[in-house]
Amino acid sequence: MSTNADLKPLRSVSRLKQRMQEFSLIFRDHVLALGLLLCVLFLIAFIIYPILKTAINGFFNSEGQFSLEYFKRFVDPYYGPLSRKIFGDTLTMGLLTAFGGTLLGFIFAYTIVRCRVPGKKYIHILALVPTVSPPFAIALSSILLFGRNGLISKGLLRMTFGGNINDIYGMDGLVFVQIITFFSVSYLILRAMLERLDPSMEEAARSMGAGKIHIFRTVTLPLLIPGIAGSFLLLFVESLADLGNPLFISGNTTVLSAQIFLAIAGEYDYQKASALAVVLLIPTLVIFLVQRYYVSRRSYISVTGKPTSGLIEEKEGWIRWPFIIVTYIICILILTLYIAIMYGSFSKAWGIDYSFTFEWWKQMFARGTESILDTTFLSVLATPLAVLLGMVIAFLVVRKNFAGKEIVDFTSNLGGAVPGTILGIGFVLAFSTSPTILVFILFFVMILFALGVSLQSNKERILAGTAGMIIAIILNYIEKMSVTLLIVYIIGVISLLCGIAEIISKNRKAGRRFIILGLYLSTYGLVEYVVHPLSRMISRIPSGVFKNAMTQIPDYIRLFFQLPHPILGCIILILAVLSFLKKKTKTGKIILSIMIGCSTSLIFAGKPLALVGTPYIILAAYAVRSLPASVRSGIASLQQIDPSIEEASAIMGADAQYTFRKVTLPLIMPAIIAGMIFSFTRHMTSLSAILFLVSPKWRIVTASILSEWEQGGISMAAAYSTLIILFVLIAISILYFVTNRMIKRRGGIDITWGA
Amino acid sequence: MKRIKNNFVLLFILMALLSPQIFAMGGGEKDAETMELNVLATPQEEWCQGMKQEFENMTGITVNYVRMSSGESLARIRAEKDNPQFDIWWGGPIDSFVAAKQEGLLEAYDSPSYKNLLDKKKFKDADNFYAGIYVGSLGFATNKNWLAANPGTKAPTSWDDLLKPEFKGQILVAHPSTSGTSYTALATVLQIRGEAEGWKYLEKYAGQVHQFTKSGAAPAKFVGQGEAAVGIVFSHDIVHEIDDNKLPLELTFPKEGTGYEIGGMGILKGGKNLANAKKWFDWALSAEGQSLGPKYKAYQAPTVKGVKLSHPELLDVNLIDYDFLWAGKNKKAFVDKFSNEIAAAANLKK
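Residues numbered from 1 in each chain as written. Chains lettered and ligands numbered in written order. Predicted model: local features only at pLDDT ≥ 70, side-chain atom pairs only at ≥ 80, totals over all residues.

The helix and strand tally for chain A stands at 30 helices and 2 strands. Computed over its C-alpha atoms, the radius of gyration of chain A comes to 28 Å, within 12% of the 27 Å expected for a compact globule of 755 residues. Reported as C-alpha extents along the three principal axes, the dimensions of chain A are approximately 85 × 75 × 60 Å. A buried classification covers 51% of the 755 residues belonging to chain A. Contacts in chain A between residues at least 24 apart in sequence constitute 81% of all its contacts with a sequence separation of at least 6. (Helix = DSSP H or I, 4+ residues; strand = E, 2+ residues; numbered from the N terminus. Rg over C-alpha atoms; globule rule 2.2 N^0.38 Å. Buried ≥ 20, exposed ≤ 12 C-beta atoms within 10 Å, placed from the backbone. Contact = placed C-beta atoms within 7 Å.)

All names here are of chain A. The pairing of strand β1 (residues 347-349) with strand β2 (residues 353-356) spans 2 bridges and is classified as antiparallel. If you follow S347 over to β2, its bridge partner there is F356. Counting the residues in the hairpin turn of β1 and β2 gives 3 residues, including G351, whose phi is positive at 90°. (Pairing = 2+ DSSP bridges.)

This brings us to the interface of chain A and chain B. Taken together, the 72 residues of chain A in the interface contact 66 residues of chain B. Put simply, the parts of the chain that give the side of chain A that touches chain B at least two residues each are α4 (80-114), α12 (256-265), α15 (359-399), α18 (436-454), α19 (458-481), α21 (508-540) and α29 (701-711) of chain A. A total of 11 residues in the side of chain A that touches chain B trace back to one element, the largest contributor, which is α19 of chain A. Residue composition of the side of chain A that touches chain B, by class: 28 nonpolar, 32 polar and 12 charged. (Nonpolar A, V, L, I, M, F, W, Y, C, P; charged D, E, K, R; others polar.)

To continue, consider the environment of F60 of chain A. Residue and element names in this part refer to chain A. Note on placement: F60 falls in the loop between α2 (30-57) and α3 (69-72). Between the alpha carbons of F60 and G390 there is a distance of 35 Å; along the sequence they are 330 residues apart. With residues up to four places along the chain from it excluded, the contact list for F60 reads Q65, F66, S67 and Q271.

Time to look at the nonpolar core. By size, the foremost hydrophobic cluster in this structure holds 317 residues, and its most contacted members are L140, I264, L276, L573 and A621 of chain A together with I88 of chain B. Here this core takes 16 residues from helix α8 (residues 171-196) of chain A, the largest share from any one element. Excluding residues within four positions of it along the chain, A621 of chain A makes contact with L423, F427, A689, I690 and L693 of chain A. (Core = buried A, V, L, I, M, F, W, Y, C linked by C-beta atoms within 7 Å.)

This part is about the confidence of the model for chain B. All names here are of chain B. Scored by pLDDT, chain B comes out at a mean of 83, with 88% of its residues at no less than 70. Long-range and interchain partners of residues 12-32, a stretch whose pLDDT sits below 50, account for 25 contacts in this model, where long-range means more than four residues apart. In the predicted complex, the global pTM is 0.87; the interface-specific ipTM is 0.79. (pLDDT = per-residue confidence, 0-100.)

Here's what the structure looks like:
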């Protein structure tokens, strides 16, 4: 009768069908499907779950009852004024930083793009330096220079600070520091916009006789609005999330991020911390969403287009010179700030005795060698992980269509955007004990994937699944009777036997894989026979820096051979499925069900995913923090590659993996390298997300700086900071060198992709 | 559609088969004898590093330590209750150990070294959960250059002096939530003046503070460098800055009496290297262990017999009869009150 009513459900059904088809299209390519699944699992486990855990924790007191205690404090007549003041201060800081940073970013961008400034290249590099330095470097050097006993404030200007005289500590100093720390982001965004602005509009306006200021006000500025708004919001979010600077320089002013830190570090009040985290999360999320789905969408086209021919240059001196002068002054300021850090690390007692000494560096190596090495090791290790994840996500987002694509994209960015403290709290809450829900999700997803992809009929699936579960139960029974270590051995032996069986049934390739897997699993326990004598040898080395550097080696070795059981389980399963899909034999089927059993029992063995205290949790936290950079650089570069190149390869008969390896990968290589630079930098310098994850065996250098600032003094912190900056610069130059060697043709890397 | 339905069937079967797996999740790990020890240390870095090296050389056991302020340490131990990363907690005022014992975070240990203690009643827990490893008194550190630049000012010699207008925004002290030093100061004031008067005083005192640091010893350093005029710090930390770092500081004590700390040590429940923790415990209560302090620039007074005092004058002042049990039991409540009502409240009035 009414055709409309009939059509509606039909359409939704067809949409559902379309969605299903999209998925089956992805699932036709098993490697791609696996990539998608693993990415989604990672995002759920290390971004969504911890954030939710923190958020929910804010509503429950330590007895587990629902309570709004800490939210009520904002309206409470007793606590209210203070709580609201802190919230207000936080927003004030964010707004002022966003305003100042965007203004400064604009001045830099305008000077570089339009003012023919001498030394363009160096200004560009200087503007980027704050992005590669540890989070509190600027706060530290500001105190060195402008503190109550600073080189400039006291030494040069002879200022004394008594009574209520305003000094660097407090809101004004904090905003100053935040602006210098974060303005680079705004500079990069606005520079890209200015360069890609179509000059014809402004030329048209000029030819019609409009004045300079009039053109700027009515033509240039409106065109830049999306970029300005975008950078404003980004800076707002970043400054709200920052912990390092407020801890050092905020004086008597408290901002939310510092209050959250104190609630955990001092009061051990996870509910309070979580509740405040929710309060901090709300403005962050709102702004992040607005930025992502409103502002960036408007600016999209003008940013990605190729530079248009010819740029407008300012010729009038009265416009050009003020911009250039301001830029130079800020450049000198940045340079001075960084020189102060380096100088600070070599001076005997800052403010009193400026004579040269190596004392601080010596002390730093005496106490900090372990944390320096641990941080570098884990940062390097997390880099390929983060970049690989980022590239897979970018590839899926740009090239494939599937329901929930937006969510994947959004979540991958969320991990880097939320204040690190929130993630850190979430990690502690989620992974101190075994996160049962996550383990079950992992189990279901992996097993269903294995059964669904590899076997054709349901009868077979049920049969294989049942067989697998029986094996798993037997194995876990053995495990409960004995040591956890044993189960890995047993599974290693099983895998060896399977490999032999495969070879007998003439499937040599799969057989070899299983044998390698079996050998690898048996090293889980065997590696102790290497590591133990090694650590005994190391313990005989006389005390000192060298020994401290060596003590960690056994743990580094263990990290590779003693992966958490659930991860081993997944590896086993993936290997089994991929081998089976290559060549479907009857033995293969039996082996598949055995492997399903083995991997299930591994997923559940011991305390699965109780990761706190292990290095893996730090790796995960690093990867989460740097994921946005690699995803964005991947997306930016993939969007510039015409899909027809890949299609051509497919038409000529190449399969998806071959195409990816031979066509796509070389084309996105620069993006991968840019992603690596940014990831490594982000890892080395991240503080807030890692602070609560430091363990006796895995120490992190940024946390050491925080502690040494007060223990060893400002010069010690300066020495650490200098070292981190040095490491990051070395890593960047190595990567640049590699790029230039590898891909000579494609010119430089557009570092802006990662920002 | 059929496929989805079938997958549900599959899911159901899997769930039914899963139940035995849940039981398997409880299995813990059994560790063999280890060659390492994870120490949560609260004293100054240099001493920690020194003790680590001495212990390593003596026993061959690898020591991993992380230094945290005592409030931070307590928070960390609470957070890791189900999955402890540390074996022993060494240093920091005993109040925190009282709190930790109450919450069942410590492991009792009847050490053979208890016989070395100077005063068994004072320096060890009646139930053997913790023991004292050093003693130190609270003092004021004043920057001499600041005094010279501000004629008419004098280094504070009483708690009331801290409220003088010239010290507004010039006092540096740690936050009592993270720092044991600062908590000792807070509890001292409350004990001298009684709770009602004490809190009134603390409110005014918080208004004088320039910035709350995280670690208790930090103010001595910052005051020495001229970032503020007066710091409230344990006197041995002040002596360390004066003697070893040549900072221009003057050490004074409040005349109405000052609080003192007994630095504690306790083995953590559930640690993975219990045997090694006991070795450390015995050693730290021996004369050899405690005489190492001054070698690594730690001037706290020892708690065992047979060790020479490096700075006897630090305890030769008007010490109050500090009630550690009371201070420990009320720690959470007092710190909460201070954090929520006092610390930033002065800021509001501006």
